[in-house]
Amino acid sequence: MSNFHPDQTKLAEYVAGTLSYHETLLISVHLHYCKECQQAVQRLEALGGVLLDDLPGEPVGEDLLQATLASIQNDEPVHRARREEVGRYYRHPEVPAPLQKLVPRGFDALPWRKLLPHLQVCDIELSPQGPKISLHRIRPGGRIPRHTHRGSEYTVVLKGGFSDALGDYNPGDYLHRDADHEHEPVAAESEECICLTVTEDPLKMTSWKWRWMNPFLS
Ligand SMILES: [Zn+2]
């Protein structure tokens, strides 16, 4: 069960479809784990439906109706079976559904690179304009040196857990950190911890021992 959730405004923006790609991905992954927010989203969708019902309706054109009916009729069982087969082929049980396109073969198959003794990172999507979408993997009991963030960092825990001075985080937990937060995360002893992170700017090491790494994190 998740204890750290996106706020209601974020969920309303998710339902309205006004969030950016990376924010939509983070919320979708959180929803995969969180029944409470799934129910909140259903309530917001129902509310949106009531509001839309109050608006003057647009009649659906005959062409659009016929095209939709034709596409449903053409979806023969053989086509459906093939699609399901492809879905099964790519589906990996430890990867939440919204991430499966980015991580089709499971976490172990990713090209991880070692960033620190206990920490591996894999950038799963890089766009020159947008923030960086990465996975971080911490060994059981691994401690990440004290650091802060130059911009916002959003995290959703996917596997295992970690703690810092502000709390203990488990699968599904959604966190937002920025330059005001300095923390030193420690992974749970029981298993490795894998997190989805979206960073607007790279980390900035504040622990003296690791400050030499800052130029390499940019
Ligand atoms: Zn939630």
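Notes on the structure follow. (Residues numbered from 1 in each chain as written. Predicted model: local features only at pLDDT ≥ 70, side-chain atom pairs only at ≥ 80, totals over all residues. Heavy atoms only, no water.)

### Points about the nonpolar core
Generally speaking, nonpolar side chains in soluble globular proteins are found buried as a group.
Part 1: Leu 99, Phe 107, Ile 124, Leu 135 and Leu 196 are the most contacted members of the largest nonpolar core, which has 29 residues in total.
Part 2: Counting residues per element, the ones that place at least two in this core are helix H2 (21-33), helix H3 (35-53), strand E2 (119-125), strand E3 (132-138), strand E5 (153-159) and strand E10 (193-199).
Part 3: Among the elements that take part in this core, H2 stands out by supplying five residues, more than any other.
Part 4: Beyond its immediate stretch of four places on either side in the chain, Phe 107 contacts Glu 94, Val 95, Pro 96, Trp 112, Leu 135, Arg 137, Leu 158 and Ile 194. (Core = buried A, V, L, I, M, F, W, Y, C linked by side-chain atoms within 4.5 Å. Buried < 20%, exposed > 50% of the residue type's maximum accessible area, 1.4 Å probe, protein only. Helix = DSSP H or I, 4+ residues; strand = E, 2+ residues; numbered from the N terminus. Contact = heavy atoms within 4.5 Å.)

### Digging into the sheet that holds E2
Where strands meet in a sheet, backbone hydrogen bonds hold them as pairs that are either parallel or antiparallel.
Part 1: If you trace the six strands from one edge of the open sheet to the other, you get E1-E2-E3-E10-E5-E8, paired in antiparallel fashion. Either end of the sheet is taken by a strand with one partner, and the two such strands are strand E1 (113-116) and strand E8 (174-177). Between one strand and the next, the sheet's axes are offset by a mean angle of 30 degrees, whatever the strand orientation.
Part 2: Of the strand pairs in this sheet, E2 and E3 are connected by six bridges, and their pairing is antiparallel. Bridge assignment links Gln 120 to a residue of E3, and that residue is Arg 137.
Part 3: Together, E2, E3, E5, E8 and E10 form the strand contacts of H2, whose direction differs from that of E5 by roughly 35 degrees. (Pairing = 2+ DSSP bridges. Axes fitted to C-alpha atoms, helices over the stretch in contact; angles between N-to-C directions.)

### Looking at the coordination of the zinc ion
Part 1: Every protein donor of the zinc ion is listed here as His 5 (ND1), His 30 (NE2), Cys 34 (SG) and Cys 37 (SG), and their distances to the metal cover 2.0 to 2.3 Å.
Part 2: In this structure, the zinc ion is coordinated by four donor atoms arranged in tetrahedral fashion, with angles at the metal of 99 to 116 degrees.
Part 3: Mapped onto the sequence, the donors of the zinc ion take the spacing H-x24-H-x3-C-x2-C. In this pair, His 5 is assigned in the segment before helix H1 (8-16) and Cys 37 in helix H3, connecting sequence segments 32 residues apart.
Part 4: Since its relative accessible area comes to 27%, His 5 is described here as partly exposed.
Part 5: Exposure remark for Cys 37: the relative accessible area of 5% places this residue in the buried category. (Donors = N, O, S within 2.8 Å, 3.2 Å for Na, K, Ca; no water. Tetrahedral: all angles 85-135°; square planar, octahedral: opposite > 155°, others 65-115°.)

### Things to note about the packing of aromatic side chains
Part 1: All told, the structure shown has three aromatic pairs when counted by the stated rule.
Part 2: Relative to Tyr 169, the ring of Phe 162 has its centre 4.9 Å away and its plane inclined at 45 degrees; by these criteria the two rings are tilted.
Part 3: With a relative accessible area of 6%, Phe 162 lands in the buried category.
Part 4: Each member of the aromatic cluster is reached from another via a ring pair, and the members are Phe 4, Phe 162 and Tyr 169. (Phe/Tyr/Trp six-rings, centres within 6.5 Å; stacked < 30°, edge-to-face > 60°.)

### As for empty space enclosed by the protein
Part 1: Here the structure, examined in full by the defined rule, presents one cavity of 30 Å³ or more.
Part 2: By volume, the largest cavity is sized at about 210 Å³.
Part 3: Taken together, 15 residues make up the lining of the largest cavity; nearest its centre are His 136, Ile 138, Glu 153, Pro 185 and Thr 197.
Part 4: Among the residues forming the lining of the largest cavity, the class breakdown is eight nonpolar, five polar and two charged. (1 Å grid on protein atoms, 1.4 Å probe; cavity = no way out; pocket = protein on both sides within 12 Å on 5 of 7 lines; lining within 4 Å. Points joined across faces, edges and corners; volume = space filled by probe spheres on them. Nonpolar A, V, L, I, M, F, W, Y, C, P; charged D, E, K, R; others polar.)

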